[in-house]
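Chains, contacts and geometry: an overview
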Amino acid sequence: MSLRVAIQMDPVGPIDINGDSSFALGLEAQARGHSLFHYLPMALTYDRGRVTATAHPMELRREKGNHFTFGEPRVLDLRSDVDVILMRQDPPFDMGYITATHILEHVHPETLVVNDPAHVRNAPEKLLVTHFPDLMPETMITRDRAAIRAFRKEFGDIIVKPLYGNGGAGVFHLRPEDSNLNSLMEMFEAQSREPVMVQRYMPEVRQGDKRIILVDGKAVGAINRVPAEGEARSNMHVGGRPDKSGITPAEHKICEAIGPLLKERGLIFVGIDVIGDKLTEINVTSPTGIQEIDRYDGSNLAGLVWDAIEARL
C-alpha cells in the first residue's frame, strides 16, 4: 500500500535530524514506499468548502546539512490528493493552531489526520491531564492571584508555567522564600489573558522527568530527561540529559488508565510526562522523543506509529 503523506510542520531546513520526531516519521514513511509532501501551517487554505495547501514533494535523507530535497511546489487538495496528513507543527497552542484544527476537520477522516484535529484542539497538553486528577501532582489553573498565594502557602515550593506553552518556555520554580510571585504574574498577565498552571514542586524531578510514548493508547517506550545542574526544566533543548529508561509498574498503570481514552479519541501518537509516579502532561500536538528512545532501546517507534496509521486505513 503506497500512501500520499502530507506533513504539516515548521520549516524542515533547521531541524535536528538526530532528534526531530517528524523527520523520523517522514523517513519511515518513505522507507515504506509512501510519497511525502511538506507544507507550512500558513499554507493551509479553506476556500468555499475546499481545503488546499501549497506543498513541496519532499525526499528525506539522514545526511546532516543535506537532509532534504524539495520538488516544485504544487497546490494539493487535502481531501482528494492526500491519504494521510501528519499535523506536526510545534506549539504554542494559540488561535492559529486552533484554526488549523478547525480547517483540517473538513478533510478528516476522509483524509486521515494524525492526530485527530478535533481532539487535538480539545486536549491541549496541560488540560487533558486534568481529567485524571488522581494521577497528577496537586495542580491549580487560574489567574486569581489570591488563589495562587493560598496554594503557595499550602505547598511552599511551586512551579508556575504558561498553560499553552511548550518546550519548557516560561516555566518558573518559586521556592518558599522567593519574593517574585507578583512580578511573575504581572509578566504573564501583560502577555496574555490566559490562566497559568500552578503545581506543587516535585523534588523527584532531580532524578528526571520521564517521557513515555504511547501509540494507539499503548505504552511503547520511554526516556528519562534529567535537568542540568541549577535548572528546574528537564527539556533536552534547554540542557536536559537523556538517560536510558524502562517503564515501571506504576507508570504502566498510568498508561493503562489513560490509554483507552487516547485510542477512542484518535490520538495515535502521544507523549506523556511523568515525574516520580505523577502524570504532569499529556502531549498530543507534536510529541517528541522517539529518536532518543530508539537509540537506547534499538526500537523503531516511528514504525509502530506507521503500523497504527496503516491499520486505520
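This text goes with the structure placed above it.
Keep in mind the model is a prediction, meaning the values are calculated, not measured.

**Brief notes about the environment of Leu112**
- If you trace the backbone, Leu112 turns up in strand β8 (residues 112–114).
- Exposure remark for Leu112: the relative accessible area of 9% places this residue in the buried category.
- Separated by 144 residues in the primary sequence, Leu112 and Glu256 have C-alpha atoms spaced 25 Å apart.
- In this view, Leu112 contacts Asp83, Val84, Ile85, Ile309, Arg312 and Leu313; residues no more than four positions away in its chain are not counted.

**Here's the deal with the environment of Pro124**
- Structurally, the position occupied by Pro124 is in the loop between α3 (117–121) and α4 (125–128).
- With relative accessibility at 6%, the residue Pro124 sits in the buried group.
- Considering only alpha carbons, one finds Pro124 and Tyr164, 40 residues apart in sequence, at a separation of 7.3 Å.
- If near-sequence neighbours (up to four positions away) are discounted, Pro124 is found in contact with Phe93 and Tyr164.

**Things to note about the nonpolar core**
- Formed by 41 residues in total, the largest nonpolar core has its most connected members in Tyr39, Leu78, Ile85, Leu104, Ile272 and Ile282.
- Where this core is concerned, the elements lending two or more residues are β2 (35–39), β4 (50–60), β7 (84–87), α2 (95–104), β13 (209–215), α7 (249–264), β16 (269–275) and β17 (278–283).
- Among the elements that line this core, the one with the most residues is α2, at five residues.
- When residues no more than four places from it in sequence are discounted, the contact partners of Ile85 are Ala6, Tyr39, Leu78, Leu104, Val107, Thr111, Leu112, Val113 and Val114.
- In terms of nonpolar packing, the next biggest core, distinct from the first, is built from 32 residues, Met9, Val84, Ile290 and Trp306 among them.

**Focus: the packing of aromatic side chains**
- Counted by the stated rule, this structure contains five aromatic pairs.
- For the pair Phe93 and Tyr97, a centre-to-centre distance of 5.4 Å together with 35 degrees between the ring planes defines the contact as tilted.
- With relative accessibility at 3%, the residue Tyr97 sits in the buried group.
- Taking the centre distance of 6.2 Å and the plane angle of 90 degrees together, the rings of Phe172 and Phe188 count as edge-to-face. You can see Phe172 sitting in strand β11 (residues 172–174) and its partner Phe188 sitting in helix α6 (residues 181–191), a full 16 residues away along the chain.
- Classification of Phe188 by relative accessible area gives buried; the value is 7%.
- By way of ring pairs, the aromatic residues Phe93, Tyr97 and Tyr164 are connected into one cluster.

**Some details on the layout of surface pockets**
- Approximately 260 Å³ is the volume found for the second largest pocket.
- If you trace the second largest pocket, you find 16 residues lining it, with Pro162, Tyr164, Gly165, Ser192 and Glu194 closest to the centre.
- Its residues placed into classes, the lining of the second largest pocket shows nine nonpolar, five polar and two charged.

**What to know about the sheet that holds β16**
- One open sheet holds the five strands; their spatial order is β15-β14-β13-β16-β17, and the pairing between them is antiparallel. Each edge of the open sheet is held by one strand with a lone partner, namely β15 (241–244) and β17. The average angle at which neighbouring strand axes cross in this sheet is 30 degrees, direction not considered.
- Examined bridge by bridge, β16 and β17 share five bridges and lie antiparallel to one another. Each residue of the ladder has a partner; that of Ile272, found in β17, is Ile282.

Thresholds, definitions, all that
- Residues numbered from 1 in each chain as written.
- Predicted model: local features only at pLDDT ≥ 70, side-chain atom pairs only at ≥ 80, totals over all residues.
- Heavy atoms only, no water.
- Helix = DSSP H or I, 4+ residues; strand = E, 2+ residues; numbered from the N terminus.
- Buried < 20%, exposed > 50% of the residue type's maximum accessible area, 1.4 Å probe, protein only.
- Contact = heavy atoms within 4.5 Å.
- Core = buried A, V, L, I, M, F, W, Y, C linked by side-chain atoms within 4.5 Å.
- Phe/Tyr/Trp six-rings, centres within 6.5 Å; stacked < 30°, edge-to-face > 60°.
- 1 Å grid on protein atoms, 1.4 Å probe; cavity = no way out; pocket = protein on both sides within 12 Å on 5 of 7 lines; lining within 4 Å.
- Points joined across faces, edges and corners; volume = space filled by probe spheres on them.
- Nonpolar A, V, L, I, M, F, W, Y, C, P; charged D, E, K, R; others polar.
- Pairing = 2+ DSSP bridges.
- Axes fitted to C-alpha atoms, helices over the stretch in contact; angles between N-to-C directions.

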